[in-house]
Structures are given as C-alpha cells and as structure tokens.
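Structure at a glance
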Amino acid sequence: MAVVTREESLVSFLQPQIAQLRRRLQWWVGVRGVGRWMAAVLAMLALDMAIDRLFQMDYSQRLVMLVLLSAAGLYLFLRWVVRPLTRSASDEALLFQIEDQNPQLNESLIGGWQLEHDPRIEEKGWSVALAAETIRRGRERANTVNVVGALDAQRFRWNVLALAAGCGAFLLLAWGVSSTDFFRTWFRRNLLLTSDQWPRQTHLVIEGVNGGQLIVPRGADHRQLVTVSDHSIVVPDEVTLEVDGPTGRVWQTMKQTGRSDGREHAFVFYSIASEFRFRAAGGDALTDWVHVRLVEPPTIIEMELVAILPVYTQSPEFVLEGVGPHSVLQGSRLRVRAKTNKPLRVCQLLLDLAELDLKATDNSRQEFMIELPSAPGLQDDGVAGGKYVFRLEDEAGLGNLREFGFTIRTRADQAPAVRAKLLGIAGMAVPRAQIPISLSVSDDFGIANLDFDCHWIPPEDDQTALHRVVPIVYFERQDMLTEINETAVLRLESLPLVPNSNLRFVVTASDHQPNPNVGSSREFLLRIVTEEELRADLLRREIEQRRALDQAYNAQMDLIAEVRQLAADPAEDLPASQREAAVQNKLLALFRAQRNVGTSLAAIASRFEEFLLEVRNNRLDEGLDEIAMGRSLTTRFSQEIATPLRVLDEEWVLLAAQNLEQCRRQAGNEVLLQQALLGTAAVQEEILNRIRQVMAAMEDSENYQDLINKLMEFKRIENEIKQQIKRLENPDRILEKDN
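In this text the structure is predicted, and so the values were computed from the model without any measurement. (Residues numbered from 1 in each chain as written. Predicted model: local features only at pLDDT ≥ 70, side-chain atom pairs only at ≥ 80, totals over all residues. Heavy atoms only, no water.)

On to the overall build of the protein chain, then. The number of helices and strands found in the protein chain is 13 helices and 29 strands. Buried positions account for 40% of the 739 residues belonging to the protein chain. Here the analysis covers contacts within the protein chain between residues at least 6 apart in sequence; of these, 71% occur between residues at least 24 apart. Only carbon and sulfur atoms are counted for the fraction: they give 51% of the accessible area of the protein chain, which is about 40900 Å². (Helix = DSSP H or I, 4+ residues; strand = E, 2+ residues; numbered from the N terminus. Buried < 20%, exposed > 50% of the residue type's maximum accessible area, 1.4 Å probe, protein only. Contact = heavy atoms within 4.5 Å. Areas by Shrake-Rupley, 256 points an atom, 1.4 Å probe, with all protein chains shown as cover.)

This is the structure:
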C-alpha cells in the first residue's frame with residue numbers, strides 16, 4: 001500500500017462524501033420507485049374501473065381481477081421499491097458515477113482510490129512513488145468537483161413531482177370513494193367484493209337470496225321470483241335469466257306474474273337435481289351470479305304407529321303397518337314415533353286446522369314421539385279420525401318436500417251379535433214349560449252379560465205389561481268370552497205366567513264398555529195355554545201327519561202293484577232289442593218312487609220327534625204316571641211312531657231300493673229278474689205291514705187324548721178336594737151331612 005499522509009489521503013477525503021452520496025442515492029431511488037409504483041397502481045385501478053363499468057363483471061371475475069391487481073402491484077413494489085433499496089451501490093460504483101459526470105477527472109479519482117486500497121503494489125513491481133503521486137493528484141482533483149452533486153438533480157425533481165402527483169391522485173381517489181357514488185361503488189365492488197351495482201336506470205332484486213346463495217331442496221320444483229325495484233327509472237317488459245349449469249349456459253325468459261304493477265317476474269326450475277348458478281338481466285341491469293345450493297329436505301325415514309285400545313277391552317297394544325287407512329276402536333289412543341334423516345327444529349302433525357307438536361326423544365332431535373290425543377282432558381275421548389300429515393322444518397328453516405302422513409278411521413264398538421233359535425217349541429207353551437234356545441253370541445272384546453228379556457200382558461184387561469230380565473246363569477262369571485255357542489233354557493216357572501197370556505222375549509247380550517252396548521236376538525212370541533189346549537193342538541198336528549202317512553201308504557201300495565206287474569209281464573209285447581231298455585227305465589222310475597216314500601216317512605218321523613221334544617219341554621207327561629197306565633205321550637210318539645218310522649226309512653226302504661237296483665242289473669236275464677222282483681215285492685209287503693202298525697197306533701190318538709183329558713179332570717177335582725180337606729180345622733167333618 002502506498003504511504004501517504006492523512007492530508008494527502010484520497011480515501012479519507014472521499015469516504016464522507018461517498019456516504020452522503022449513497023444516502024442521497026437511496027432517497028433518489030426510493031422516490032423514483034414509489035412514484036413509478038403509484039403511477040402503475042393508478043393505471044391498473046383505472047383499467048379495472050373501466051372494465052367493470054363497461055362489462056359489469058360478476059363476483060368471480062372481480063375476485064380474479066383483484067387477485068391479479070394485487071399480485072401485479074406487489075410485484076412492482078418489490079421490483080421498483082424494495083429491491084433497489086436493499087441493493088446498496090459500492091464505493092467504486094459511485095466513483096465511476098462521479099467520473100462519468102466529470103470527464104475532466106480522467107479517472108484520477110478511481111485510480112487513486114484503487115491504488116490507496118491495494119496492499120500489493122511493491123509485489124506487483126509498481127513504483128511506490130508514482131502511486132503516491134497518483135493518489136495526491138486524485139486528492140487535488142477531488143477538491144475541484146462536487147461529489148454529492150453527481151446525481152441528476154433535475155430528474156430527481158421530476159421524480160418528486162411524480163410522487164407528489166401519485167399521492168395527490170390517491171388522496172383524490174380516497175375523497176371520491178368517500179364522497180361520490182361512482183368511486184364508492186367501484187371501491188365496494190372491486191376491492192371489498194360486495195354486490196353493489198353501478199348506477200343504472202333499472203334495478204333487479206332476486207328474491208330468496210342470502211349471501212349470493214339460494215338454498216333449494218334436492219329434487220324439488222323451485223319458483224324463482226325477480227322483482228324490478230320501486231326506485232327503478234326504467235321498468236323493462238322482459239326479464240331473462242342466464243343459467244349456468246352442468247350442460248352449459250342457457251337464457252330463459254321469465255313470465256310476468258301480474259303483481260306489483262307488472263314488476264314481478266317468475267320462472268320455475270323443475271326437479272332440481274344438480275347445483276348451478278344464474279343471474280337476471282333486464283333493461284340495463286345485470287345482477288351478480290346466484291349460486292343454487294342443494295340440500296336434502298327433511299323427511300321421515302322410520303315411522304311406528306301403536307294402537308292402545310281402551311282398558312275395558314283388556315287387549316294388548318298392537319302395531320299398525322303402513323300409512324293406512326287404519327281402523328281403530330273409538331276411545332283408543334295412538335302412539336306415534338318418527339325418525340328423520342336430519343335434525344329438526346319443528347316436527348308437527350297436522351289434522352285439519354290443529355297443529356300437534358311431537359317431542360324430541362334424543363339430543364340429536366332426529367327421533368320424535370307423541371301420544372294421541374295429546375291435549376289434557378281428552379285422553380278418554382281417544383284419537384280423532386282423519387288424515388294426519390307431518391310438517392317438518394330443519395334447523396335452516398327448510399320444510400319437507402313431499403307430503404307424508406297416515407290416515408286413521410275410528411269405528412264404534414259394535415253391540416254383541418246375538419242369534420237365537422227355539423228348540424222343540426212351536427208357538428204355544430204351558431206355564432211350567434222350559435224353553436230350550438240355541439244361542440250363538442259373539443263380540444269383538446268379550447261378552448259381559450247374557451239375559452232373557454221377557455215382556456207379557458196378563459189376560460185381564462186392566463193389567464199393564466209386565467217385564468222381567470232373567471239372567472242366563474250358565475254364562476255368569478265367564479269374563480272376556482268373545483264367542484258363545486251353547487243352548488240356554490228359559491224356565492217359565494220363574495215368571496208369573498197364566499194361560500191366555502202372550503209372552504214376548506229376546507236374548508240380550510252386553511259388552512264390557514262403561515256404557516255397555518246391548519245386542520238382541522230376534523223376538524220370540526209364545527202363547528201361554530193350558531195343557532188341554534196344547535194337547536189338543538198336538539192332536540191336530542198328529543192328525544195332519546196321519547194323512548201324510550196315508551199318502552205314503554198308498555204310494556207304497558202302488559209300488560208293490562207295479563213291481564208285481566213287472567214280474568208277471570216284463571214288457572214281453574216289445575221287441576227283444578227294446579225290452580231291456582224299457583225294463584231299465586221302469587225300474588229306475590220305481591227306484592225313485594221308493595226313495596220318495598222313504599223321504600216322506602223320514603219327514604213324518606222328524607215331525608213326531610219335534611212333537612216329542614215339545615212334549616218334554618212342556619213337561620206334559622209329568623204327574624201322569626198314575627193315570628196314563630204306562631202309555632204316555634212320550635212313549636207313544638217315541639216307541640210307537642217316530643222310532644218305527646225311522647227304522648222303516650233307514651232299513652226297510654233302503655233295502656227295497658237296493659233290491660230295485662239289483663233288479664236293474666238283472667234286466668237282461670228274465671229268470672233272475674223275476675226272482676229279484678219277487679224278493680223286492682216281499683220287502684215292500686213288510687214295509688206296508690209296518691206302516692199299518694204305525695197307522696194303528698196313530699188311529700186311537702183322539703180316543704186316547706179324550707181319555708187323558710177326562711182323567712186329568714178327575715185328577716184336578718181330586719186335588720181340589722184334598723186341598724179343601726186340608727183347610728178344614730177338623731178333617732173328620734168331611735163325613736158330616738152338611739159337608
């Protein structure tokens with residue numbers, strides 16, 4: 001390094017001035033960079049303002065533009081301001097700048113600076129004295145120039161003016177944003193990204209939009225309304241929707257609804273299945289894009305209906321499957337459980353004008369329950385019939401898309417069904433008769449009581465109708481029987497009946513309701529008569545059956561005659577080819593006639609069996625053992641008439657018919673046919689003999705009845721005498737003359 005004194009040192013002289021020059025250079029670079037940056041930013045803002053005003057960019061476009069402007073502004077600031085300020089110029093670079101501004105220095109400053117800083121002058125073989133002289137000469141020339149003034153002062157002033165102009169423009173822009181609608185709208189639209197609109201003559205309002213989004217249930221039809229606001233100067237006749245969906249963009253013309261003086265327009269999106277966006281245009285207005293977001297509408301995914309019948313039915317709960325219509329008993333309650341696909345704010349059942357709130361049964365508010373009727377004091381009335389519809393609303397206020405519910409039909413508890421039939425009783429009965437009745441009673445929920453409800457009017461004219469309920473003891477304490485098929489007996493001795501009375505009665509059954517339903521059988525009418533009258537009526541009916549037996553007897557005689565004739569002359573007058581067919585036809589007719597005789601005998605036997613039941617039910621043979629001499633009505637009807645006739649039908653008539661069938665098989669053989677016909681005739685003769693025996697037993701009925709009536713009269717007189725004797729204080733007085 002060259003040896004120079006401090007006064008001769010070029011470095012010590014230039015270093016303070018170079019440091020000052022470096023500081024001024026930073027100000028110069030900073031002012032220049034900020035000014036350029038502000039100009040570029042203002043230009044980009046002006047461009048953004050023009051583009052948005054002319055083309056009315058939507059939200060996404062404005063967002064992209066804001067990002068681009070911000071990125072460009074940041075890039076320019078880093079390049080023009082930050083980067084120059086962080087890159088400090090070296091001393092040599094500044095000296096070169098000074099040399100460049102002052103050509104008369106002839107690089108003496110840079111040469112002296114470098115020689116003074118070079119420690120290897122001697123090693124390089126350079127002259128130390130010459131180096132020192134160069135340094136002193138550079139020091140002398142440095143005094144002749146303004147090192148700090150090496151910068152372009154005029155250009156610096158222009159940069160300052162540009163910076164001041166940029167600041168003024170920004171201040172003016174700030175004033176415009178705060179004071180004018182134009183700049184405020186641009187600022188809010190493009191920097192704050194709001195939905196403000198540029199000043200225009202037409203203003204459109206899209207109904208139902210919140211934050212640029214429209215929430216629509218998936219799969220629903222949506223009716224979109226667009227209204228021209230009241231402060232619009234121009235009201236367009238037509239408003240269109242630009243719809244941007246998965247299949248591309250389309251324009252749809254909206255229809256006027258006729259409301260709001262023609263300002264309201266509507267368009268229906270049908271069965272929305274995917275998300276899309278749309279915006280409205282009309283007049284000079286173009287709205288921002290509205291994004292349609294699809295959400296699942298609330299719906300019922302599980303439902304359980306449990307019917308709870310009234311207590312008196314003693315029936316368990318049961319589940320109603322499906323949505324109905326379900327028929328439930330009046331007075332029943334209904335438990336409804338529902339599970340939804342999402343949490344709900346509202347879950348109600350609507351019935352006509354009533355709104356019934358279901359209670360959430362879990363913290364997720366997806367399971368709900370209600371027991372109908374839910375109003376206090378109405379539990380005993382039971383669930384009301386009608387169509388119940390769910391009303392659902394989720395936490396966002398979205399309701400259920402499709403109607404869902406169930407239908408309940410209430411039915412009254414029917415009275416027990418009662419069917420009754422008299423057994424062994426015609427239209428007459430004696431006061432001590434017992435009336436057997438075949439009963440078939442059924443009720444859905446159990447029979448509580450079963451009674452005979454009897455009404456009768458005594459024969460005296462001044463007597464009023466009498467009434468008595470006779471419980472059917474057999475069915476007492478048989479709780480919750482739903483079906484009864486038995487025979488009950490009404491004992492007339494329990495009723496104060498006298499001959500010539502008319503008894504009307506029905507069988508009644510009641511159920512277990514608090515206010516019981518009562519079901520009744522058909523009404524039965526019996527005329528109460530004396531035993532003599534009933535016996536006379538039985539004799540009349542017996543005579544009718546005797547006439548029917550006479551007809552059967554005559555038919556059997558005709559059969560025997562035809563069989564014998566066929567045996568004697570088996571159609572010999574006909575050709576051989578026709579003879580067998582004629583015999584077959586004749587035997588078939590005889591077979592049918594024989595079966596008809598058997599049918600007649602069976603009918604007569606059935607009638608006498610009915611007479612027998614009537615005799616037993618009216619107890620006509622009781623007390624007659626002493627006077628009937630072992631030949632009671634029961635004995636006669638059973639052993640002498642009904643049983644022999646039944647044997648005739650089931651054995652002898654059947655045997656005769658079988659023989660006739662055998663004769664048909666032998667129709668082709670005259671010898672065997674004749675033998676079979678003679679055997680059949682013998683059986684038919686036995687049938688005739690047995691019919692004669694029955695007829696003989698029936699022929700003395702009238703005389704027998706007269707005899708019985710007289711004997712009963714004698715018996716009655718005897719009983720009266722005995723009662724009079726018992727009333728006398730001294731029974732021996734019966735032998736006195738006065739008695």
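As a further point, take the packing of aromatic side chains. For the structure shown, the criterion picks out twelve aromatic pairs. Feature note: the residues Phe 267, Phe 269, Phe 276 and Phe 278 constitute an aromatic cluster, connected by ring pairs. Across from the ring centre of Trp 80, 4.2 Å away, lies the NZ or CZ of Arg 36, which sits over that ring. (Phe/Tyr/Trp six-rings, centres within 6.5 Å; stacked < 30°, edge-to-face > 60°. Lys NZ or Arg CZ within 6 Å of the ring centre and 35° of its normal.)

This next bit is on the pattern of salt bridges. It is possible for side chains of opposite charge to pair when their charged atoms get near one another. Summed over the entire model, instances satisfying the criterion amount to 30 salt bridges. Of the charged contacts in the structure, one is a salt bridge between Lys 342 and Asp 394, with a shortest N-O distance of 3.1 Å. Note that Lys 342 is positioned in the loop between strand 14 (333-340) and strand 15 (344-351) and Asp 394 in strand 19 (residues 386-394), a separation of 52 residues in sequence. Judged by its relative accessible area of 18%, Lys 342 is buried. Across the pair Arg 607 and Glu 610 runs a salt bridge whose closest N-O atoms are separated by 2.6 Å. Placement of the pair is Arg 607 and Glu 610 together in helix 9 (residues 576-617), with a separation of three residues, close to one helical turn. (Salt bridge = Lys/Arg side-chain N within 4 Å of Asp/Glu carboxyl O.)

In a soluble, globular protein the nonpolar side chains are often hidden away together inside. Counting residues in hydrophobic clusters, the biggest one holds 77 residues, and the most contacted among them are Ile 435, Phe 452, Leu 492, Leu 503 and Phe 505. Those residues within four positions of Leu 492 in sequence are excluded, and the remaining contacts are Ala 429, Val 430, Pro 431, Ala 433, Ile 435, Leu 497, Leu 503 and Ile 528. Membership of the second largest hydrophobic core comes to 23 residues, among which are Val 336, Leu 351, Leu 358 and Leu 392. (Core = buried A, V, L, I, M, F, W, Y, C linked by side-chain atoms within 4.5 Å.)

Mapped onto the elements of the fold, Gln 348 is located in strand 15. Gln 348 gets classed as buried once you look at its relative accessible area, which sits at 8%. One polar contact links Gln 348 to Asp 357, side chain to side chain, over a distance of 2.7 Å. When near neighbours in sequence (up to four residues on either side) are disregarded, Gln 348 contacts Glu 355, Leu 356, Asp 357, Leu 358, Val 389, Phe 390 and Arg 391. (Polar contact = N/O pair within 3.5 Å; in protein donor to acceptor, adjacent residues only side chain to side chain.)

Take a nonpolar patch on the surface next. On the surface, Tyr 59, Leu 63 and Val 67 cluster together to form a nonpolar patch covering roughly 260 Å² of accessible area. Positionally, Leu 63 belongs in helix 2 (residues 59-86). With relative accessibility at 34%, the residue Leu 63 sits in the partly exposed group. (Patch = residues over 30% accessible without salt bridge, like charges linked within 9 Å, V, L, I, M, F, W, Y side chains within 5 Å.)

Moving on: the sheet that holds strand 21 (residues 417-422). Sheet architecture is open: three strands sit in the order 21-23-26, paired in antiparallel fashion. The open sheet terminates on both sides in strands that have one partner only, identified here as strand 21 and strand 26 (481-491). With strand direction ignored, the average angle separating the axes of adjacent strands in the sheet is 15 degrees. In terms of strand pairing, strand 21 meets strand 23 (residues 434-447) through six bridges, oriented antiparallel. Note on strand 23: the bridge partner recorded for Leu 422 is Ile 437. (Pairing = 2+ DSSP bridges. Axes fitted to C-alpha atoms, helices over the stretch in contact; angles between N-to-C directions.)

Take the pairing of strand 16 (residues 354-357) next. Pairing of strand 15 with strand 16, which is carried by four bridges, proceeds in the antiparallel orientation. Bridge pairing links Leu 351 to Ala 354 in strand 16.

Moving on, we come to the sheet that holds strand 3 (residues 222-228). Across the sheet, four strands lie side by side as 1-3-7-6; this open sheet has antiparallel pairing. Each edge of the sheet is formed by a strand with only one pairing partner; in this case those strands are strand 1 (204-206) and strand 6 (255-256). Relative to strand 7 (residues 264-269), strand 3 runs antiparallel, the two sharing six bridges. Within the sheet, the bridge partner assigned to Val 226 lies in strand 7 and is His 265.

As a further point, take the pairing of strand 20 (residues 405-411). The two faces of a sheet get side chains in turn, since along a regular strand they alternate between them. As paired elements, strand 13 (residues 326-329) and strand 20 share four bridges and run parallel to each other. Looking at the pairing, Ser 327 lines up with Arg 409 of strand 20. Sheet topology note: the strand 19/strand 20 ladder contains four bridges and is antiparallel. Across the sheet, Val 389 pairs through a bridge with Gly 405, a residue of strand 20.

All right, on to the confidence of the model for the protein chain then. Averaged over the protein chain, the pLDDT score is 80; the fraction of residues at 70 or greater is 78%. Across the protein chain, strand 7 holds the top mean pLDDT of 93, while helix 10 (residues 625-628) sits lowest at 52. (pLDDT = per-residue confidence, 0-100.)

Bringing the packing of helix 8 (residues 531-568) against helix 11 (residues 633-665) into the picture now. One can describe the packing of helix 8 onto helix 11 by two numbers: an axis separation of 14 Å at closest approach and a directional angle of 20 degrees. Taken together, helix 8 and helix 11 sit at an angle that is classed as roughly parallel. As helix 8 runs across helix 11, the sense of the crossing is left-handed. Where helix 8 approaches helix 11, its residues Arg 535, Glu 542, Leu 549 and Val 563 are matched on the opposing element by Leu 633, Arg 636, Phe 637, Ile 641, Leu 645 and Leu 660. (Parallel < 35°, antiparallel > 145°, perpendicular 65-115°, else oblique. Left-handed = near helix turned anticlockwise from the far one by under 90°.)

Of note, Ala 593 is situated in helix 9. On a C-alpha basis, the gap between Ala 593 and Leu 559 in space is 7.5 Å, while along the polypeptide they are 34 residues apart.

When you line up the elements, Glu 264 lands in strand 7. Its relative accessible area of 9% is what places Glu 264 among the buried residues. Separated by 2.7 Å, the side chains of Glu 264 and Thr 257 make a polar contact. For Glu 264, the side chain forms a polar contact with the side chain of Arg 259, separated by 2.7 Å. Discounting chain neighbours no more than four positions away, the residues touching Glu 264 are Leu 225, Val 226, Thr 227, Lys 255, Gln 256, Thr 257 and Arg 259.

Moving on to the packing of helix 11 against helix 12 (residues 670-699). Direction vectors running N to C along helix 11 and helix 12 enclose 170 degrees, while the axes themselves pass 10 Å from each other. Taken together, the axes of helix 11 and helix 12 lie roughly antiparallel to each other. Both helix 11 and helix 12 take part in a crossing whose hand is left-handed. In terms of residue class, the contact of helix 11 with helix 12 is made up of 19 nonpolar, four polar and four charged. (Nonpolar A, V, L, I, M, F, W, Y, C, P; charged D, E, K, R; others polar.)

Glancing now at helix 2. Given a rise of 1.5 Å per residue, 28 residues ought to cover 40 Å, and the 38 Å separating the end C-alpha atoms of helix 2 matches this to within 8%. The largest bend along helix 2 measures about 35 degrees and falls at Leu 78. Within helix 2 the residues assigned to the buried category are Arg 62, Met 65, Leu 66, Leu 69, Gly 73, Leu 76, Trp 80 and Val 81. (Expected span 1.5 Å × (residues − 1). Bend = angle between axes of the 7 residues up to and from the residue.)

The next point concerns the environment of Val 529. Topologically, Val 529 is positioned in the loop between strand 29 (524-528) and helix 8. The exposure class assigned to Val 529 is buried, which follows from its relative accessible area of 0%. Along the chain, Val 529 and Ala 429 lie 100 residues apart, while their C-alpha atoms are 6.0 Å from each other.

With that settled, consider unusual backbone geometry. Of note, the amide linkage connecting Gly 324 to Pro 325 takes the cis form, showing an omega dihedral of 10 degrees. When you line up the elements, Pro 325 lands in the loop between strand 12 (318-320) and strand 13. Unusually for a residue other than glycine, Ser 260 sits at a positive phi of about 55 degrees. Although it is not a glycine, Gln 314 adopts a positive phi angle of roughly 50 degrees. Owing to a relative accessible area of 61%, Gln 314 belongs among the exposed residues under this scheme.

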